[in-house]
Amino acid sequence: MRRIRRRLVHLLIVLIAVTFLSFVVIDLLPGDAAVVVAGDNATPAQVAQVRADLGLDRPMLVRYVDWLGGVVTGDLGRSFRTGQPVTEALAQRIPVTFELTIIAQVLALLVAVPLAVYSAYRPGRFVDRTSMTIGFGAAAMPQFVFGMVLIVLFAGGLTSILPATGYTSFFTDPLDNIRTIILPCLTLMIAEAAVYRQLLRSDMISTLQEDYILMARSKGLGPRTILLRHALRPSSFSLITLSGVNIGRLLGGTVIVETLFAIPGLGQMIVQAVFNRDYMLLQGGLLFVAVAYVVINMIIDLLYLVLDPRVRRDA
């Protein structure tokens, strides 16, 4: 509970800092949101009227305090461009990006963990060298390049078994939802799996040199028991930390993949809001990303308490 209280205070400080700094940066961006909303052919009087209607004629600090007061009551404002409530826009976009992120992370862990465990048990063998070579190549390849390769292979190039673009909600058509997210998820997971595999392999090799592992071997425990029960858990701290940070990063940073596959997610929305000078929509997206980062890191801290009794004792 003490850790949770500290994290909640940290959450509040981070949210205030992130939202205020983003408000300042957005206010310094070149261009005028009133001109974008009013249109290129609008007269100066019309632009001034739009600026007054949107509240952009008020000082930045006043606008920030008003926005923050709305956040406390659950009102994130409305889009300058469409008039849609920001909460409604986020409710439409977040589940799409969340689905892509979680599935990509699960696939990356399902591939990386078995490879890392076996590579640590048999370092320098064929599986270790092959997975390392493929992993380095995958990590070095930009996401959009790998995505285009997948499109050529499975969506209209060599074969046409999967759609190249578009997204179908799981609640609309579960089967079509799976077909539309396979390629984006594979594009996101390939580099993540390579990094996870290398990180866990290195940590497990170090753990296998510890004295308690030698004690377990001297007691006659089998390799599977030693690897999975005694070596994997203490070696997974760095992996859990990195995977948690990556989830927070992907929730706001999947714009390349979402654009390539025409996925209406949160990253695409944030970039469009920047180009459209849609400050309210942009602030809502940044607020969610900041909350996601801090909450995920708080969950990681709690997982540490579960994985290692020493952390519980120190807490």
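Just so you know, these numbers come straight off a predicted model, no measurement behind them. (Residues numbered from 1 in each chain as written. Predicted model: local features only at pLDDT ≥ 70, side-chain atom pairs only at ≥ 80, totals over all residues. Heavy atoms only, no water.)

### Comments concerning the packing of helix α5 (residues 86-121) against helix α6 (residues 126-140)
Interaxial distance between α5 and α6 falls to 8 Å at its minimum, and their mutual angle equals 135°. With respect to their mutual orientation, α5 and α6 come out oblique. The two elements α5 and α6 meet at a crossing, and its hand is left-handed. In contact with Leu115, Tyr118 and Ser119 of α5, α6 contributes Val127, Asp128 and Ser131. Counted by class, the contact of α5 with α6 contains 3 nonpolar, 2 polar and 1 charged residues. (Axes fitted to C-alpha atoms, helices over the stretch in contact; angles between N-to-C directions. Helix = DSSP H or I, 4+ residues; strand = E, 2+ residues; numbered from the N terminus. Parallel < 35°, antiparallel > 145°, perpendicular 65-115°, else oblique. Left-handed = near helix turned anticlockwise from the far one by under 90°. Contact = heavy atoms within 4.5 Å. Nonpolar A, V, L, I, M, F, W, Y, C, P; charged D, E, K, R; others polar.)

### Topic: the side chain of Gln268
Following the sequence through the fold, Gln268 ends up in helix α13 (residues 266-275). When neighbours within four sequence positions are excluded, Gln268 is seen to be in contact with Arg93, Val255, Glu258, Thr259 and Ile263.

### As for the confidence of the model for the protein chain
Predicted coordinates in areas of low pLDDT are best not read in detail. Overall, the predicted model of the protein chain reaches an average pLDDT of 85, with 97% of residues at or above 70. Averaged pLDDT values for the elements of the protein chain fall to 57 in helix α15 (residues 309-314) and rise to 92 in α5. (pLDDT = per-residue confidence, 0-100.)

### A word on the nonpolar core
Of all hydrophobic cores here, the largest spans 34 residues; its most connected members are Leu100, Leu183, Leu188, Leu200, Met204, Leu208 and Phe261. Looking at this core, the elements with two or more residues in it are α5, α7 (143-154), α8 (174-207), α9 (211-218), α10 (223-235) and α11 (237-253). The element contributing the most residues to this core is α8, with 9 residues. Excluding residues within four positions of it along the chain, Leu208 makes contact with Ala120, Ile213, Arg217, Ile226, Leu227 and Ala231. Core analysis: the next-biggest nonpolar cluster, separate from the first, contains 31 residues, Ala33, Met280, Leu281 and Ala290 among them. (Core = buried A, V, L, I, M, F, W, Y, C linked by side-chain atoms within 4.5 Å. Buried < 20%, exposed > 50% of the residue type's maximum accessible area, 1.4 Å probe, protein only.)

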